[in-house]
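Single-letter residue listing:
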Amino acid sequence: MGGGMAASRYGRAGNSGYRRFVYIMLILLPACFLIYFVIGPQSQDSEDADGDIDPHNGIGSMMGHALNESLHICSESHEDRRLYIGDKPRSAYAQLPVIYFVTPTYPRREQIPELTRLAYTLLHVPRLHWLVANDREGCDTFLDTQINGFGIPYTHMASPMPSEYRKAKPAPRGVANRRAALQWLHQHNLTNGVLYFGDDDNTYDLRLFSEIRHTQRVSMFPVGLIAEYAISGPVVREGKVVAFLDSWVAGRRWPVDMAGFAVSLSYMAQYPNVNMPYKPGYEEDLFLRSIGLHIDQIEPRGNNCTEILVWHTQTKNKKSAVVRLESRYMDERSNLGALFRLLERMGVARASEHEGPVATISKNGKSKSHAYFLS
C-alpha cells in the first residue's frame, strides 16, 4: 500500500510537471518564431546583403517624409527649339531615350552664371528634359526667362526646403529640390528614359550623356574632386562592380556621389516607394536602397570606371556685392543704371546711395568723380 501511494504521488507530480512544461512551451514557441522570422531577418547584415531596406514596406516613414510634395510649376516647355545639335537636325535623334536631368539650385549671386554655364553644356545634348528645381517659396520670373531662352525642353519649379530643416547643421540642401523632381516624374507616369541628378556647379564631359543614355537599371562612374581622395566611385574587376572607393564611408552601403550614377525610369517604376531622405550625407545611399539596388545590377561606365566624365567643381560663394553709386547717375545717360538693375535681378550686386564702397570710375589710370563722367 505504501508503495502504491508513493507511486500515485510521484505520478501526480509527474503529470503536473509535464503540464507546466507544455504550458511554458506554448508560450515560448510563438515568441521564438516571432524573434526568428520578424526581428532576426531585419537585424542580419552580411557583406553581400544589398538593399536591406524593403522599398515596398513603409520606407517613407523610415526616411522622414514620404514623397508627397505638392508641385509648384513656374514654367514649362516640352518643345525643343534647338535647330541643330552636334551638326545634326533634331529628327536625327528622335529614337534616343530621353535623359531627365535634375538640377537643384538656390538663390545666390552665383546662381545665374552657374546655370548659364551648365545650359551651354546641355545645349549639345539631344533628347534631354531639364528639370530645374529652385529652393525658394515663389517663382523667379527672371530665372524663367533665362531658362526658356536656351530652347532646351525644361520644367522650372519652386521647391523650397521645409522650414523645420533650415536651421539644421548641416542643412539637407538640395533634397526638397530632388524630391520635387521625383514627384514630377511620378505624376507624369514616366517609365521610359533615364534619370540623372546634375548639380549646377559640376562640370560634365559630353561623353557622359552618351554613356548613361542606355542605362538598364543603374549605371555608375567615378566623380572627380570629391573630398579627401579627390575621387569617388566604384571599384571594378572583370567588368563587374565589386566595391567602392570613397574617403567617407560612414556605414553607407552605397558610398557614391549624387553625380556618380544614373537610373533607368523603367527600373525605378518597379519601386513605388522610391524616396530620398532629409538626412545630409545619406541621400544617395538611401535613395539607392529605396530602389532595391543589388551590387551585381550596377553597370560600370566610363571605360570600366577608368575615366572621369564628371567633376565636382564648386564656385566659392560670397555675399552679393553692394556698390555706392548715386541714383541720379543711374539714368539713361550711361549703361550703369541698366547694368546694375540686371545685376540686382540676378542677385549678383546692387547699387546703393549710402552702403558699400564708393564705385571707382577711372580713365587713363586715374580715378575721377562720378560727376566728371556722368553729369
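If you're wondering where the values come from, they're calculated on a predicted model, not measured in any experiment.

Here helix H3 (residues 111-122) is 12 residues long and its end C-alpha atoms lie 16 Å apart, about the 16 Å a rise of 1.5 Å per residue gives. Along H3, the positions that sit buried rather than exposed are Gln111, Ile112, Glu114, Leu115, Leu118, Ala119, Thr121 and Leu122. Tucked inside the fold, the buried residues of H3 contact strand S4 (99-105), strand S5 (128-134), helix H4 (141-149), strand S8 (203-204), helix H7 (207-212) and helix H11 (336-346).

Take the sheet that holds strand S6 (residues 154-158) next. Pairing within the open sheet is mixed, and its eight strands lie in the order S1-S6-S5-S4-S7-S13-S9-S14. The outermost strands of the open sheet, each flanked by one partner alone, are strand S1 (72-77) and strand S14 (298-300). In this sheet, adjacent strand axes meet at a mean angle of 20 degrees when their direction is disregarded. Where S1 meets S6, five bridges bridge the pair, whose relative direction is antiparallel. When the sheet's bridge partners are listed, Ile73 is paired in S6 with Met157.

Let us now look at the environment of Gly251. Looking at the element boundaries, Gly251 is found in the loop between strand S12 (240-245) and strand S13 (261-264). Residues Gly251 and Tyr282, spaced 31 residues apart in sequence, show a C-alpha to C-alpha distance of 9.5 Å.

With that out of the way, let us pick up the nonpolar core. Counting 39 residues, the largest nonpolar core has Phe261, Met268, Phe287, Leu288 and Ile291 as its most contacted members. Looking at this core, the element that brings in the most residues is helix H6 (residues 175-187), giving seven residues. When neighbours within four sequence positions are excluded, Leu288 is seen to be in contact with Val218, Met220, Trp254, Val256, Phe261 and Leu293. Counting 34 residues, the second largest nonpolar core, distinct from the first, contains Ile112, Leu122, Ile147 and Met346.

Another aspect to go through is a nonpolar patch on the surface. Taken together, the side chains of Tyr229, Val235, Val242 and Leu245 present a nonpolar region at the surface, about 320 Å² in accessible area. Along the chain, the position of Val235 falls in strand S11 (residues 231-237). According to the relative accessible area criterion, Val235 is partly exposed, its value standing at 33%.

With that settled, consider the state of the cysteines. Following the criterion strictly, the structure yields one disulfide and no others. The disulfide partner of Cys74 is Cys139, and the gap between their sulfur atoms is 2.2 Å. Where Cys74 bonds to Cys139 through sulfur, the torsion about that S-S bond is close to -90 degrees, and the disulfide is left-handed. Taken together, the residues Cys74 in strand S1 and Cys139 in the loop between S5 and H4 connect sequence positions 65 residues apart.

Now for the pairing of strand S7 (residues 194-197). Where burial is concerned, the two faces of S7 agree: the one with Val194 and Tyr196 and the one with Leu195 and Phe197 are both buried. Strand direction decides the pairing type here: S4 and S7, joined by four bridges, are parallel. Within S7, the position partnered with Ile99 by the bridge is Val194. Where S7 and S13 come together, three bridges link them in antiparallel fashion. The residue of S13 that forms the bridge with Tyr196 is Ala262.

Most peptide bonds take the trans form, and the phi angle of most residues other than glycine is negative. The linkage connecting Lys169 with the following residue, Pro170, adopts the cis geometry, with an omega of -5 degrees. Positionally, Pro170 belongs in the loop between helix H5 (163-166) and H6. A positive phi is found at Asn189, a non-glycine position, where the angle reads about 55 degrees. Structurally, the position occupied by Asn189 is in the loop between H6 and S7.

Low pLDDT marks regions whose predicted coordinates should not be analysed in detail. On average, the chain scores 85 in pLDDT, and the residues at 70 or more come to 83%. Contacts of residues 1-14 to residues separated by more than four positions or lying in other chains number zero contacts, the stretch itself having pLDDT below 50. Confidence drops under pLDDT 50 across residues 33-63; counting only partners more than four residues distant or on other chains, this segment forms 45 contacts.

What counts, and where the lines are drawn
- Residues numbered from 1 in each chain as written.
- Predicted model: local features only at pLDDT ≥ 70, side-chain atom pairs only at ≥ 80, totals over all residues.
- Heavy atoms only, no water.
- Helix = DSSP H or I, 4+ residues; strand = E, 2+ residues; numbered from the N terminus.
- Expected span 1.5 Å × (residues − 1).
- Buried < 20%, exposed > 50% of the residue type's maximum accessible area, 1.4 Å probe, protein only.
- Contact = heavy atoms within 4.5 Å.
- Pairing = 2+ DSSP bridges.
- Axes fitted to C-alpha atoms, helices over the stretch in contact; angles between N-to-C directions.
- Core = buried A, V, L, I, M, F, W, Y, C linked by side-chain atoms within 4.5 Å.
- Patch = residues over 30% accessible without salt bridge, like charges linked within 9 Å, V, L, I, M, F, W, Y side chains within 5 Å.
- Areas by Shrake-Rupley, 256 points an atom, 1.4 Å probe, with all protein chains shown as cover.
- Salt bridge = Lys/Arg side-chain N within 4 Å of Asp/Glu carboxyl O.
- Disulfide = S-S within 2.5 Å.
- pLDDT = per-residue confidence, 0-100.

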